[in-house]
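The primary structure of each chain is shown beneath.
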Amino acid sequence: MRVVHWLTAFAATVCVMLAAPAMAQSYPNKPIRLIVPFGAGSGSDILARILAEPLGQALGQPIVIENKPGNNTTLGTELVVSSPPDGYTIGLLTNSGLVASPAGLTSGVRYDPAKDLSYISMVASVSYVWLVNNDVKATTAAELVKLLKANPGKFNYASGNTGGIAYGGYIKNAYQLDVTHVPYKSVPPGLADLISGHVQIMVADIPASLAMIRGGKVRAVGMTTAQRNSLLPEVASFSEQGLATPPDMSGWWCAVAPAGTPGDILDRLNRELVKILETEAVRAKLLQNGIVPMPSTRQQAMQYQKDQFLVWKTIVKDLNLKVE
């Protein structure tokens, strides 16, 4: 009887081992969901729509984008974590859900990004800019700091992602500003309220805000990076204005799948995605939108998440950041 049980278990194990390569060889044979944890018009959405068509062509199946904003991207991240590990759900996730929220920025995180996800490749990074409503009487970051200091409690600032929360919190703490934080699920609705004057200040990523800046809908007063950005050469950096350069809290994207996704499928996705990110046409389109491609191996992506988790754990603690 024990021999029969052992043979049955052995046969089941062999079937599972044989099934994985067979599934990988036939993959994909139906549309693939791409989970984007921000709303339409966000930097994440722009990136997803640039990549979806060439990735779908390379895989021979359509890529269906699903925008799932909420709870500082943990909603979309949890959706990927809980999906079947068959390669038909991919997450274009960000530092918000992969490191910042699990590091303490957002309460109630129910997943471990190091254990509950399989890493496909790093995808891209992005920088942030400080913006104001056109009626605000400040044209530079230095002037804005002076204005806020002279008018405690009279201004508020919006955020639509982790970068906005982190940079806004840093500026508020560093200069002891009495301003009210107004969080949004995504950058576009925050920008809409900035334009209308419901909020007066915002730190936003360049891809989501570039058209509004160039169209004169909002005013850019300072780059949060050490240098100016080539897409906004007229906007001075903080250091050029006599202000301290904030720590590097730039945003980034990583392609992931649920933990347990077969390695052959992950390797295929990595090969196709890296190839696409390295093509001149896609690189040019990304850079035109303020998105810097950063393709990687699966192992590099996994290590980057681990390293960035430690960085953000320090940032969240030192700046006393919390999603409100």
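Residues numbered from 1 in each chain as written. Predicted model: local features only at pLDDT ≥ 70, side-chain atom pairs only at ≥ 80, totals over all residues. Heavy atoms only, no water.

Asks: I'm lost on the nonpolar core in this one. Help?
Replies: Note on soluble globular proteins: their nonpolar side chains tend to be buried together. Judged by nonpolar contacts, the single largest core of 79 residues is most densely connected at Leu 47, Leu 98, Val 123, Trp 130, Leu 144 and Trp 312. By residue number, the principal contributor to this core is helix α2 (residues 43–59), which donates 8 residues. Discounting residues that sit within four places of it in the chain, Leu 47 has contacts with Leu 92, Val 123, Ala 124, Trp 253, Leu 286 and Ile 291. (Core = buried A, V, L, I, M, F, W, Y, C linked by side-chain atoms within 4.5 Å. Buried < 20%, exposed > 50% of the residue type's maximum accessible area, 1.4 Å probe, protein only. Helix = DSSP H or I, 4+ residues; strand = E, 2+ residues; numbered from the N terminus. Contact = heavy atoms within 4.5 Å.)

Asks: What's the story with empty space enclosed by the protein in this structure? I'm lost.
Replies: Here the idea is plain: a probe the size of a water molecule rolls over the atoms and shows the empty space left. As enumerated under the stated definition, the model contains 3 cavities of 30 Å³ or more in all. Taken as a whole, the largest cavity holds about 130 Å³ of empty space. Lining the largest cavity are 18 residues, and of these Phe 38, Ser 44, Tyr 128, Asn 161 and Trp 253 sit closest to its centre. Counting residues per element, the ones that place at least two in the lining of the largest cavity are α2, α4 (95–105), α6 (162–174) and β10 (251–258). Here the lining of the largest cavity is composed, by residue class, of 6 nonpolar, 11 polar and 1 charged. The volume enclosed by the second largest cavity comes to roughly 100 Å³. If you trace the second largest cavity, you find it lined by Leu 34, Ala 48, Leu 51, Leu 55, Ile 90, Leu 92, Ile 120, Ala 255, Leu 269 and Leu 273. Of the residues forming the lining of the second largest cavity, the biggest block, 3 residues, is contributed by α2. (1 Å grid on protein atoms, 1.4 Å probe; cavity = no way out; pocket = protein on both sides within 12 Å on 5 of 7 lines; lining within 4 Å. Points joined across faces, edges and corners; volume = space filled by probe spheres on them. Nonpolar A, V, L, I, M, F, W, Y, C, P; charged D, E, K, R; others polar.)

Asks: Can you help me understand the sheet that holds strand β9 (residues 218–223) in this one?
Replies: The strand order β7-β6-β8-β5-β9 describes an open sheet built from 5 strands, whose pairing is mixed. Among the strands making up the open sheet, the edge pair consists of β7 (180–183) and β9. With direction set aside, neighbouring strand axes in the sheet form an average angle of 30°. Both strand β6 (residues 156–159) and β7 contribute to a ladder of 4 bridges, which runs parallel. Counterpart to Asn 156 in the pairing with β7 is Thr 180. Those strands touched by helix α5 (residues 141–150) are β5 (128–133), β8 (201–205) and β9, and its axis lies near 55° from that of β5. (Pairing = 2+ DSSP bridges. Axes fitted to C-alpha atoms, helices over the stretch in contact; angles between N-to-C directions.)

Asks: Explain the sheet that holds β10 to me, please; I cannot follow it from the model alone.
Replies: Backbone hydrogen bonds are what pair the strands of a sheet, in a parallel or an antiparallel way. One open sheet holds the 6 strands; their spatial order is β2-β1-β3-β10-β4-β11, and the pairing between them is mixed. On the outer flanks of this sheet lie β2 (63–67) and β11 (291–293), each paired with one strand and no other. Mean inter-strand twist for the sheet, computed between neighbouring axes without regard to direction, equals 30°. In terms of strand pairing, strand β4 (residues 117–126) meets β10 through 8 bridges, oriented antiparallel. Looking at β10, one finds that Ser 125 is bridged to Trp 252. Packing of helix α11 (residues 298–318) onto the sheet brings it into contact with β4 and β10, and relative to β4 it is tilted by some 75°.

Asks: Would you mind showing me how to read the pattern of salt bridges here?
Replies: Two side chains of opposite charge can pair, provided their charged atoms sit close to one another. Here the structure, examined in full by the defined rule, presents 7 salt bridges. Linking Arg 110 and Glu 78 is a salt bridge whose minimum nitrogen-to-oxygen distance equals 2.8 Å. Pair noted here: Arg 110 is in the loop between α4 and β4 and Glu 78 is in helix α3 (residues 74–81), with a separation of 32 residues, a long-range link. Residue classification places Arg 110 among the exposed residues on the basis of a relative accessible area of 68%. (Salt bridge = Lys/Arg side-chain N within 4 Å of Asp/Glu carboxyl O.)

Asks: Help me out: how do you make sense of the packing of aromatic side chains in this one?
Replies: We describe a pair of aromatic rings using the distance from one ring centre to the other and the angle between the two ring planes. Tallying each qualifying case throughout the model produces 4 aromatic pairs. A centroid spacing of 5.2 Å and a plane angle of 80° characterise the contact between Trp 252 and Tyr 304, whose relative ring orientation is edge-to-face. Residue Trp 252 is located in strand β10, and its partner Tyr 304 is located in helix α11; the two are separated by 52 residues in the primary sequence. On the basis of relative accessible area, Trp 252 is assigned to the buried category, the value being 2%. The ring of Tyr 88 is capped by Lys 30, whose NZ or CZ atom sits 4.7 Å from the centre of that ring. (Phe/Tyr/Trp six-rings, centres within 6.5 Å; stacked < 30°, edge-to-face > 60°. Lys NZ or Arg CZ within 6 Å of the ring centre and 35° of its normal.)

Asks: Could you clarify how one ought to interpret unusual backbone geometry in this entry?
Replies: Residue Tyr 27 is joined to Pro 28 through a cis peptide bond whose omega torsion reads -10°. Within the fold, Pro 28 resides in the loop between α1 (2–26) and β1 (32–36). The residue Asn 72 is not glycine, and still its phi comes out positive at about 55°. Within the fold, Asn 72 resides in the loop between β2 and α3. A positive phi is found at Thr 73, a non-glycine position, where the angle reads about 75°. Inspection of the secondary structure puts Thr 73 in the loop between β2 and α3. Judged by relative accessible area, which is 1%, Thr 73 ranks as buried.

Asks: Any chance you could explain the pairing of β6 here in plain terms?
Replies: Remember that side chains alternate between the two faces of the sheet whenever the strand is regular. A two-sided burial pattern is seen for β6, the buried positions comprising Asn 156 and Ala 158 on one face and Tyr 157 and Ser 159 on the other. Between the parallel elements β6 and β7, the chain passes through α6 in a crossover that is right-handed. The sheet contact formed by β6 and β8 spans 2 bridges and is parallel. Its bridge partner lying in β8, Tyr 157 is registered against Ile 201. (Right-handed = clockwise from strand over helix to strand, strands pointing away.)

Read these as layout, nothing more, since geometry by itself doesn't imply function.
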